[in-house]
Each structure stands twice: as structure tokens, then as C-alpha cells.
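Residue strings, one per chain:
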Amino acid sequence: MTILQPGAWPYTRGIRSNLRPNSPWTIRQYAGFSTAEESNRFYKNALANGQHGLSVAFDLPTHRGYDSDHPRVTGDIGKAGVAIDSILDMQALFQNIPLDQVSVSMTMNGAVLPVLAAFIVAAEESGVSRDKLSGTIQNDILKEFMVRNTYIYPPEPSMRIVADIIEFCAKEMPRFNTISISGYHIHEAGADLGLELGLTLADGLQYVRTALERGLNIDDFAPRLSFFFATGMNFYSEIAKLRAARLLWAELMAQFKPKNPKSSMLRTHCQTSGWSLTAQDPMNNIVRTTIEAMASIFGGTQSLHTNSFDEAHALPSKLSSRIARNTQLILQHETGIPNTIDPWGGSHLMESLTQELANKAREIIQKTGELGGMTKAIISGAPKLWVEESAAKRQARIDSGEEVIVGVNQYKPADSESIEAFEVDNHAVRDAQLRSLETLKKQRDNAKVKQSLKSLENGAKSNTNLMPLCIEAMRSHATLGEVSYALEKVFGRHQAQTEVVSGVYSKALGDSSNIQAFLKQVDAFAEKEGRRPRILVAKLGQDGHDRGAKIVATAFADFGFDVDLSPLFLTPQEVARHAIENDVHAIGISTLAGAHKTLVPELIQTLKSKGAHDISVFTGGVIPEQDYEFLKQKGVSGIFGPGTPLLESAQKVLESIQWKSKN
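These notes cover the structure that comes with them. No experiment lies behind these values; they were computed from the predicted model shown. (Residues numbered from 1 in each chain as written. Predicted model: local features only at pLDDT ≥ 70, side-chain atom pairs only at ≥ 80, totals over all residues. Heavy atoms only, no water.)

1. A look at the nonpolar core
Right, so step 1: Ranked by size, the top nonpolar core spans 69 residues in total, and within it L197, L201, F221 and W249 carry the most contacts.
Right, so step 2: Broken down by element, this core gets its largest block of residues, eleven residues, from helix α10 (residues 235–254).
Right, so step 3: One finds F58, C470, M474 and L487 within the second-largest nonpolar core, a separate group that totals 58 residues. (Core = buried A, V, L, I, M, F, W, Y, C linked by side-chain atoms within 4.5 Å. Buried < 20%, exposed > 50% of the residue type's maximum accessible area, 1.4 Å probe, protein only. Helix = DSSP H or I, 4+ residues; strand = E, 2+ residues; numbered from the N terminus.)

2. Structural notes on the packing of helix α4 (residues 112–125) against helix α19 (residues 480–491)
Helix-helix packing is characterised by the crossing angle of the two axes and by the distance between the axes.
Right, so step 1: At their nearest, the axes of α4 and α19 sit 9 Å apart, and the two run at 140° to each other. As far as their axial angle goes, α19 and α4 are oblique. Crossing hand, α4 versus α19: right-handed. Taken together, the residues of α19 that come into contact with α4 (itself represented by L113, P114 and V115) are L480, V483, S484 and L487.
Right, so step 2: For the contact of α4 with α19, the class distribution of residues is six nonpolar, one polar and no charged. (Axes fitted to C-alpha atoms, helices over the stretch in contact; angles between N-to-C directions. Parallel < 35°, antiparallel > 145°, perpendicular 65-115°, else oblique. Left-handed = near helix turned anticlockwise from the far one by under 90°. Contact = heavy atoms within 4.5 Å. Nonpolar A, V, L, I, M, F, W, Y, C, P; charged D, E, K, R; others polar.)

3. Remarks on the state of the cysteines
Right, so step 1: One pass over the structure, following the stated rule, counts zero disulfides.
Right, so step 2: Not engaged in a disulfide, the cysteine C169 finds its nearest cysteine sulfur in C470; these two sulfurs lie 12 Å apart.
Right, so step 3: Taking relative accessible area as the criterion, C470 reaches 0% and is therefore assigned buried. (Disulfide = S-S within 2.5 Å.)

4. Examining the packing of aromatic side chains
Right, so step 1: Scanning all chains against the criterion turns up 19 aromatic pairs.
Right, so step 2: The interplanar angle of 65° and the centroid separation of 5.5 Å between the aromatic rings of F94 and F119 together place this pair among those described as edge-to-face. Of this pair, F94 sits in the loop between α3 (87–93) and β4 (104–106) while F119 sits in helix α4, and the two are 25 residues apart along the sequence. For the pair F94 and F119, one class covers both residues: buried.
Right, so step 3: Plain terms: the ring middles of F556 and F559 are 6.3 Å apart, the flat faces sit at 50° to each other, and that makes the pair tilted. (Phe/Tyr/Trp six-rings, centres within 6.5 Å; stacked < 30°, edge-to-face > 60°.)

5. Details of the layout of surface pockets
Right, so step 1: Its boundaries defined by the atoms lining it, the second largest pocket holds a volume of some 830 Å³.
Right, so step 2: Taken together, 34 residues form the lining of the second largest pocket, with T26, R28, N177, R267 and Q302 sitting closest to its centre.
Right, so step 3: Broken down by secondary-structure element, the contributors of at least two residues to the lining of the second largest pocket are β4, β5 (135–137), β8 (225–231) and β9 (268–272).
Right, so step 4: Along the lines of polarity and charge, the residues of the lining of the second largest pocket split into eight nonpolar, 19 polar and seven charged. (1 Å grid on protein atoms, 1.4 Å probe; cavity = no way out; pocket = protein on both sides within 12 Å on 5 of 7 lines; lining within 4 Å. Points joined across faces, edges and corners; volume = space filled by probe spheres on them.)

6. Here we look at the pairing of strand β14 (residues 616–621)
Right, so step 1: Summarising burial for β14: six of the six residues are buried, a large majority.
Right, so step 2: The alternating pattern of β14 places S616, F618 and G620 and V617, T619 and G621 on opposite faces, both of which are buried.
Right, so step 3: Across six bridges, strand β13 (residues 586–591) lies against β14 in parallel orientation. Its bridge partner lying in β14, I587 is registered against V617.
Right, so step 4: Crossover β13 to β14 through helix α24 (residues 596–609) is right-handed.
Right, so step 5: Inspection of the sheet shows β14 paired to strand β15 (residues 638–640) by three bridges, in the parallel sense. (Pairing = 2+ DSSP bridges. Right-handed = clockwise from strand over helix to strand, strands pointing away.)

7. Comments concerning a nonpolar patch on the surface
Right, so step 1: Side chains of V404, V406 and Y411 sit close together on the surface and give an oily, nonpolar patch of about 290 Å² of accessible area.
Right, so step 2: Relative to the helices and strands, V404 resides in the loop between α15 (382–400) and α16 (426–443). (Patch = residues over 30% accessible without salt bridge, like charges linked within 9 Å, V, L, I, M, F, W, Y side chains within 5 Å. Areas by Shrake-Rupley, 256 points an atom, 1.4 Å probe, with all protein chains shown as cover. Salt bridge = Lys/Arg side-chain N within 4 Å of Asp/Glu carboxyl O.)

8. With respect to empty space enclosed by the protein
Right, so step 1: Considering all chains together, one arrives at nine cavities of 30 Å³ or more under this definition.
Right, so step 2: For the largest cavity, the calculated volume is near 260 Å³.
Right, so step 3: Forming the boundary of the largest cavity are 19 residues, of which R16, L19, I297, G300 and I341 lie nearest the centre.
Right, so step 4: Element by element, the count of residues in the lining of the largest cavity is highest for helix α11 (residues 284–299), at three residues.
Right, so step 5: Here the residues of the lining of the largest cavity are counted per class, giving nine nonpolar, six polar and four charged.

9. Remarks on the sheet that holds β15
Right, so step 1: Judged by pairing direction, the sheet is parallel, and its five strands sit side by side in the order β12-β11-β13-β14-β15 without closing on themselves. At either margin of the open sheet sits one strand with a lone partner, and together these are β12 (562–565) and β15. Looking at each pair of strands side by side, their axes are set apart by 20° on average, direction ignored.
Right, so step 2: Most of the contacts of helix α26 (residues 646–662) go to β14, to which it runs at about 165°, and overall it touches β11 (534–538), β13, β14 and β15.

10. Notes on the environment of T439
Right, so step 1: By the element assignment, T439 lies in helix α16.
Right, so step 2: With 306 residues separating them in the primary sequence, T439 and L133 have C-alpha atoms 29 Å apart.

11. Section: the packing of α11 against helix α12 (residues 318–333)
Right, so step 1: Running from amino to carboxyl end, α11 crosses α12 at an angle of 45°, the nearest separation of the two axes being 10 Å. Classed by the angle they form, the pair α11 and α12 counts as oblique. Handedness of the crossing formed by α11 with α12: right-handed. Note on element contacts: α12 touches α11 through I323, T327 and L331, opposite I286, T290, A293, M294 and I297.

12. Side note on the side chain of T200
Right, so step 1: Note on placement: T200 falls in helix α8 (residues 193–213).
Right, so step 2: Excluding anything up to four places from it in sequence, T200 contacts I181, S182, G183, I186, F227 and F229.

13. Describing the pattern of salt bridges
Pairs may arise between side chains of opposite charge once their charged atoms sit close together.
Right, so step 1: This structure, assessed with the given rule, holds 38 salt bridges.
Right, so step 2: We note a salt bridge from R130 to E124, for which the minimum N-O separation is 2.7 Å.
Right, so step 3: Between R532 and D523 there is a salt bridge, with its nearest N and O atoms 3.0 Å apart.
Right, so step 4: Among the residues examined, R532 registers a relative accessible area of 32% and is labelled partly exposed.
Right, so step 5: Three or more residues joined by partner-sharing salt bridges are found here, namely E124, R130, E172, E472 and R475.

14. A few points about the sheet that holds strand β6 (residues 176–177)
Right, so step 1: Taken together, the five strands give an open sheet; going across it, the order is β2-β3-β4-β5-β6, and neighbouring strands pair in parallel fashion. In this open sheet, the two strands that pair with only one neighbour each are β2 (30–31) and β6.
Right, so step 2: With three bridges connecting them, β4 and β5 associate as parallel partners. Among the inter-strand pairings, M106 is bridged to a residue of β5, identified as I137.

Structure below.
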């Protein structure tokens, strides 16, 4: 086989021919929580201790286009990221941080217009012109419809917004990456590596075609496209995945005949897997993150985030954040690993793995093309089902013990290790945000705000680029929620369809005697009660990460339960109504965003007020052990942390239903 040098087309071995000795990759830790002021202090400390760039995590209300005073977001404010309601919050977030020197990555898709607009205005009012700004806005809405679910508008107007931003930044912000095409969330939702790679590149291809349809030249925008991949524990294959990604992107871009070589170079940020972190024996996660970081580096990433060991319990603590950051510093400065670009080039194992993954991805890209491209494929729902099927198969391998997870399904410690979880005071953050919003609305020129929002609404009805209109609205001190709603009045708010995939989990698990025994218990219950045990699997608040909920729904259906899967983004009152109307025995709440202490007790209280105290409520997901007793006292019947075998969960749910039916 011919082994090309690094920096040579199709860039399989890397996009550079030489190393950057002082900064082989950018250390860019994803962070943000509570208020803008609190996050600003965290950012300054991180920059002072070796971090090279910033990566902003926004809270779920911000992602979904809601201000902190909206009634649907009470429990989510400041929990999974920083709350941004206006230009004042954005200014506080970056106060005294030199934005002409520090690059900023922002994971934002749904409310991408007001967030990017507020960032531009905050920079300009601090004396930094927009053409001096460097960094990335994620702006990858297709994967939101597929897996992550922090969308606002339907697919077609959402793609228009993507194109508006690409067009605006190509002209006004030459140093800024206009989109970060994300395989990370596809990976974390359960896709195998070939599926992750194929869907991610198909998304990228759709964005390129959308920009070309806008009339842009390929070389006007393609050099500022970037990618974002997850790195899991399959060490050799993860390295091969990044090599295959560069190879395939160069091939795909060749059809558009770019003249600038940078248009064909796939540049990527990587993040170690959050899904691979375990709540059991959590110190093992330091090892997992180190291995995944090494795979990212060997694969040729341009920047890297390393996860903290306690993230299966809660937000990272200061200690765990420092360990995560220092993992990268040690790899950069103590190992010698960065001194060679692609040391795997020529290895039969690595070259064959690279080609194998490339071939699998080509098949996926072809399948999406046959569906009419990624936008139409996503509307059809097919890619979402592919990912959910892949996730269910993997969970079955883990639950059966075929795939070993140390400390979870084998080599379990005799004593569990206590982790002091970091917790955001949601009530204090909400109070601070409400005070800030009240002050803003009293002091601003409301007539000017009203006019800017009307101009934005009219722009949405025409073919006007929405980015300049959003900048003027945020400059006039309109809020993020007001800007989002002005667009929602024209575009509408997207409502996804929920569907349970059945048969996949049990088929992957095989003809287990334990399952057969449990199915007999379910049949006996149905014979006695006249119907099968019925469970509603639901998410509460604005948490759209539904991998866990979908797998639970799939497995319980295979275990003989009647399963209802609720729509996303419901309030506790809406979930209670859904449960009562469908006459369920139990509700299973999947939670990853830290709002369980607010929303779950509210759900239980609502059930009691409606006379439905006989419905058992269970929770599962990222819940710190220190919160277990609180939830039990509020009436939760059982708590299932990450790694709990699904058959064990089903057994406990059935026992609770049986006990309540007797009493």
C-alpha cells in the first residue's frame, strides 16, 4: 500500500505536515454553570492554569430559546450550563477576557441567532470588532433533530438559519468557524463508529449544499467548517475513525472542485465520551478519560476536552475539573506522544481499520442520499431509528456481560466510593436571573426593543439574512426569549414524534433464562389483573437527552410491559396528566440535567393532588447518591443509577406495582 505523508491529500494522516511544538492541540475544556459571573470566574482560573481557549456550556432554557422567567423552565435554570437571558449576561460572561486573543467555542444550535448576536455585541462594546473574533459556533441543527433535541424551529427554517450564519460569518467574521458538525452527540446517543461517522459527514454534506444553494462559492465558507467527534474506549478504532473522517471529507469535497486546499481539510475538536463514565467505582473514569484522550491525540485532533471523573454523578467539581485539564497538560508536556504526527501510518491494523470504517460510512452516506439528503432523511425519522437500534444492541451486550465494564458488570468493588457531588443552587440562580431581567426591562428603551423585534419578525417572513437583525435586537437589549419568540411566531415550534423500538434489545440479549422467567411473572400479573403492567417513560423539563429513556422503553416493551413514551419537554403537570389519562401503574423519569430535586417532587405532589397516589414513580440517570434519600422522602419508589441492568430495574418496578395492587 502507498503511505502518504501527513499534510498530503486526502489528509488521512493529518492536515499538517509539521508539528506546532508549543501547542500540538488546543486545550479547550467545555464549561459553564450557574450565573454568567460565576462562569466568568471559572474561565479566568482555567485560562490562568493552562487552558488555551474557552468552550461555553449554556443551560437548557437558553438552548431552547426561553428566558429564565418562563414558566416551563423553573427547574433547569443554570443547572447544565450558564444562563444567558440578554446582552448583560453575555457581557458578564466574558468580562475582562480579551476576546481578540482568546478563541471561544459555543455549543449552541436552537437559539443560535440571539446567542451569536449577543456575543458579537458584547465583544464590540468591549472594543473588539467582529472581524477579530476567533472560535466556533456549533450551529449544527440536523443532529439536534436526530439525537440531542435542543431544537426550537422545524427543520426547514432551521436550515435557513444555518445558511444565514454561514453567509454572514463568511463576509463579516473571517477568523470564526461558522459551524461545528457534531458526531459527538450521535456517538453519545448510541451509534456505532461507522454509523456515527457516516451520519456526521452526511450532515456536513447537507450543510455544504445548503450554503452553495445560497450562492456562496465553496472556498468562501468551506475552510471555516469544523467537526466535533466523541472518543470512546475502542482505542484503535477511535484513532482510525478520525483518519477515515479526513479521508472521506476530502473525497466528498472533491466533487465541488475547491481551489483552496483548506476547503478539503477536515479540522476537528474531540471530547472524551461522557457515556463511558460510570457512577460505580468512579475513579476508574480517570483512566478511561486518559485512554480516550490518547486516542484523540493519535487520531490527529486539533483541540480536545477531557471529561471529569465525577460527571456520571453531577456537574464537575473544582478538583475533578483540574484533574481533567491536567490530564491534557501531562500528555502534552511529559509523554512525548505529541512529538510525532500519525505514528500509526503504515500499520496494517490501523490502515485496514481506517478503510473498514470509511467503507461503512460510505454506505450510510449513500443510504441518506437515497432518502433525499440528510434534511429529508431526518424528517423521515430513519437515522434516529438507526441510532436507537444501535444503542439498544450495545446495552444488551453490557447487560448480558458480553461487553465488560470494569466496576459495573464485572470486578465490582466490595465497598462503594462516596463522591461529593457539585451542585448548583437552582433557586438562587433563578432569583438572580429574574432580578436581572426585571432591571433590564425597566431601564431599556422598550419602544426601540419592540421595533427591533418587529423588524426581525418581518425579516423571517422574507428572504432577509436574519443575523444583522438579531444583532440589532440584542444591541437594543431585547432578551434571548423575545428574539426566539419573534421567530417562533413565523416559523412555529417543532414537536418531535416519539416512537418505541421493540424487539431489538431482547434479540441482542438472546434467549436468556432470566428473561424467560421474568416474562412468566409478567404473564401471571396480566392474568390476575386483567392487563399487563403499564409504565410511562418520560423526561421532565427541557432535558432532551433521551438515549436512556429510549433504551428503557425498548427493554421494558421486550420484557412484556405496555410502554408509553411521552413527548419531550413536558412539565410535571403534563406528565401527571398523561399518566392518569393512560391509566399507567408506574412512571419512569429519566434525568441527566440535574433538575430532579425540583421537578420530580413536583410530579409526585401533582399525582397526589389528582388522587393518583397509587402510581409509582421511579427515577434513573445522572443523580448524585447524596440526593437519593431526599428523593425517597419525597415519594420516589426506586432510583436506578447509570449501569443498572435493565432486567433488574424491571423486576423492581414490577414488584412495586404488585405491592400497590395488593394494598
